[in-house]
Amino acid sequence: MKKYVCDVCGYVYDPAIGDPDNDIEAGTSFDALPDDWVCPECGVGKEDFSVED
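The structure contained in this document is the topic of the report that follows.

Cut-offs used in this document
- Residues numbered from 1 in each chain as written.
- Predicted model: local features only at pLDDT ≥ 70, side-chain atom pairs only at ≥ 80, totals over all residues.
- Heavy atoms only, no water.
- Pairing = 2+ DSSP bridges.
- Helix = DSSP H or I, 4+ residues; strand = E, 2+ residues; numbered from the N terminus.
- Phe/Tyr/Trp six-rings, centres within 6.5 Å; stacked < 30°, edge-to-face > 60°.
- Buried < 20%, exposed > 50% of the residue type's maximum accessible area, 1.4 Å probe, protein only.
- Lys NZ or Arg CZ within 6 Å of the ring centre and 35° of its normal.

### Points about the sheet that holds strand E3 (residues 49-51)
- Taken in spatial order, the 3 strands line up as E2-E1-E3 in an open sheet, and their pairing is antiparallel. In this open sheet, the two strands that pair with only one neighbour each are strand E2 (12-13) and E3.
- With 3 bridges connecting them, strand E1 (residues 4-6) and E3 associate as antiparallel partners. Among the inter-strand pairings, Cys6 is bridged to a residue of E3, identified as Phe49.

Here it is as structure tokens:
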């Protein structure tokens, strides 16, 4: 699965890790994240993330 990086702060969402602090289990793809999920570092929405190169 692809990693996604926050365009604002640089946080990387890694599906292999998920976002355990926000109850997102490891193995959750970026596309499967809830629509209201936000960057745990700066609070921007999914629309401000890009596929990591």
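### Brief notes about the packing of aromatic side chains
- One pass over the full model with this rule turns up 6 aromatic pairs.
- Here the aromatic rings of Tyr4 and Phe30 are separated by 4.1 Å at their centres, their planes lie at 10°, and the arrangement is stacked. Remark: Phe30 occurs in the loop between E2 and E3 and Tyr4 occurs in strand E1; sequence separation between them is 26 residues. There is no split in this pair, since Tyr4 and Phe30 are both buried.
- One aromatic cluster is present, formed by Tyr4, Tyr13, Phe30, Trp37 and Phe49 through successive ring pairs.
- The positively charged end of Lys46 is found above the aromatic ring belonging to Phe30, 5.5 Å away from the centroid.

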